[in-house]
Protein chains: 2
Amino acid sequence: MDERFKLDNQLCFRLYTASRLITQAYHPLLNEHGLTYPQYLVLLVLWEKDEQPVNDIAKRLLLETNTVTPLLKRMEAEGIVTRSQGKKDARQTIVKLTKKGRDLQNKLTNVPETVGCAVLCESITPETIPGLFGMLDDIINQLQR
Amino acid sequence: MDERFKLDNQLCFRLYTASRLITQAYHPLLNEHGLTYPQYLVLLVLWEKDEQPVNDIAKRLLLETNTVTPLLKRMEAEGIVTRSQGKKDARQTIVKLTKKGRDLQNKLTNVPETVGCAVLCESITPETIPGLFGMLDDIINQLQR
DNA sequence: TATATTTGCATCGTGAACGATATAAATAAC
DNA sequence: GTTATTTATATCGTTCACGATGCAAATATA
């Protein structure tokens, strides 16, 4: 058996699985408030800086606008954000939190810690996290070409 | 600004992004042969051990059968695998590689190395990979409850 | 051996991801 | 000042993920 093709030797499969499982860990916490994980990411971006064009949100999340646009439309339908045409550039769609969208932050205060604790184990501790972050950041930067 | 809600402090966002970007790195290499990344994972499983029931493939990939079943049906339509009813247990669907499916391994020999090289950088080297694998495995095991 | 439960897989509906394409506004080139 | 190009976003089609549900075969229980 060719070692290169062994599933257990694949970095990608580990990243793919870890990403799916941690998203699943978020699911019950977010679903309680009618949110999906990608929608939660959009909220993280808007809580940091409200009123951003679609493109800035997409760039921050390293996603394409064809992924973000329908996602934002669903969030608009839920009354979490508003979408309005940009004033200085009519091509832009400016996304803005509603009161409901801002208030969600208070309702989700326990989420980061709950998920953070869920992943803690032998090798994942407050001391080892920075090293892991650094490696993942390097992978991300490397693949962004 | 609450540090806990900063996007740059989220492990999950890093895993999610790294997973997406590395899957994108596979895309041109696999697409050339009509494969998607999850289909490639199924091939890795079947190349290790042919003729497995749907459930074993799903368990190996930590996916649900409702994800794997339609994926396998598409692979069957492409002539990469066959699906047949199990003999000793009629509930099982046994998945078996076709000649085309087996031959794909030779056509994809360069894929692991190409993607492997694409992620190499400062902190990701043959020496640091085992440590990263260990941390990701720990996260995966921890979240599998 | 009837009945109940479990197991293996499939179907359905929803929400991402993303390549390809379209459209209109803004900007550049001529 | 037209025309061409770029930019910002949206639409469309396909393929995952995955919760919920359905169904038939296998197994356990009565």
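Quick caveat: nothing in here was measured; it's all calculated off a predicted structure.

Caption draft 1: A look at the sheet that holds strand 3 (residues 93-97) of chain A. All names here are of chain A. On the basis of which strands lie adjacent, the open sheet formed by three strands has the order 1-3-2 and antiparallel pairing. Single-partner strands in this sheet number two, and they are strand 1 (52-53) and strand 2 (81-85). Pairing of strand 2 with strand 3 involves five bridges; the strand directions are antiparallel. Across the sheet, residue R83 finds its bridge partner in strand 3, namely V95. Together, strand 1, strand 2 and strand 3 form the strand contacts of helix 2 (residues 37-48), whose direction differs from that of strand 3 by roughly 85 degrees. Taken strand by strand, helix 4 (residues 65-77) contacts strand 2 and strand 3, and its axis lies near 120 degrees from that of strand 2.

Caption draft 2: Highlighting the protein's contact with DNA strand C. For DNA strand C, the set of nearby residues contains 26 residues, the closest of which are T36(A), Y16(B), N55(B), T69(B) and R83(B). Each atom of DNA strand C within 4 Å of the protein was classed as base or backbone; sugar and phosphate made up 74%. Within the side chain of T36(A), a nitrogen or oxygen atom sits 2.6 Å from a phosphate oxygen of DNA strand C. At 2.7 Å, a backbone N or O of N55(B) approaches a phosphate oxygen of DNA strand C. Put simply, the parts of the chain that give the surface near DNA strand C at least two residues each are helix 2 and helix 4 of chain A together with helix 1 (11-31), helix 3 (54-61) and helix 4 (65-77) of chain B. For the surface near DNA strand C, the residue count by class is seven nonpolar, twelve polar and seven charged.

Caption draft 3: Representation of unusual backbone geometry in the model. Although it is not a glycine, L62(A) sits at a positive phi angle of roughly 60 degrees. Mapped onto the elements of the fold, L62(A) is located in the loop between helix 3 (54-61) and helix 4. On the basis of relative accessible area, L62(A) is assigned to the partly exposed category, the value being 25%. Positive phi values are uncommon outside glycine, yet E51(B) reaches one of about 60 degrees. Within the element layout of this structure, E51(B) appears in the loop between helix 2 (37-48) and strand 1 (52-53).

Caption draft 4: Seen up close, the nonpolar core. Membership of the largest hydrophobic core comes to 102 residues, with the highest contact counts inside it found for Y40(A) and Y40(B). Among all residues touching Y40(A), those that are not within four sequence positions of it are Y26(A), L30(A), W47(A), L108(A), V111(A), P112(A) and F5(B).

Caption draft 5: Region of interest: the domain arrangement of chain A. Domain boundaries assigned for chain A yield domain 1 (1-32 + 115-145) and domain 2 (38-109). For domain 1 of chain A and domain 2 of chain A, the distance between their C-alpha centroids amounts to 26 Å.

Caption draft 6: Molecular detail of the interface of chain A and chain B. Facing 59 residues of chain A, the contacting portion of chain B comprises 59 residues. Around 6,000 Å² of area is buried between chain A and chain B when both sides are counted, 71% of it from carbon and sulfur atoms. Interface area lost by chain A to chain B is led by F5(A), R14(A) and L143(A), which between them contribute 12%. For the pair chain A and chain B, the number of links is four salt bridges. Among the ionic pairs, R14(A) bridges to D137(B), the shortest N-O distance being 2.8 Å. The interface formed by chain A and chain B includes 16 residue pairs in polar contact (both at pLDDT 80 or more). By residue number, the principal contributor to the side of chain A that touches chain B is helix 1 (residues 11-31) of chain A, which donates 15 residues. Residue classes in the side of chain A that touches chain B are distributed as 36 nonpolar, twelve polar and eleven charged.

The rules we used
- Residues numbered from 1 in each chain as written.
- Chains lettered and ligands numbered in written order.
- Predicted model: local features only at pLDDT ≥ 70, side-chain atom pairs only at ≥ 80, totals over all residues.
- Heavy atoms only, no water.
- Pairing = 2+ DSSP bridges.
- Helix = DSSP H or I, 4+ residues; strand = E, 2+ residues; numbered from the N terminus.
- Contact = heavy atoms within 4.5 Å.
- Axes fitted to C-alpha atoms, helices over the stretch in contact; angles between N-to-C directions.
- Near = heavy atom within 4 Å.
- Polar contact = N/O pair within 3.5 Å; in protein donor to acceptor, adjacent residues only side chain to side chain.
- Nonpolar A, V, L, I, M, F, W, Y, C, P; charged D, E, K, R; others polar.
- Buried < 20%, exposed > 50% of the residue type's maximum accessible area, 1.4 Å probe, protein only.
- Core = buried A, V, L, I, M, F, W, Y, C linked by side-chain atoms within 4.5 Å.
- Domains from an automatic or database assignment.
- Buried area = accessible area lost by both parts, 1.4 Å probe.
- Salt bridge = Lys/Arg side-chain N within 4 Å of Asp/Glu carboxyl O.

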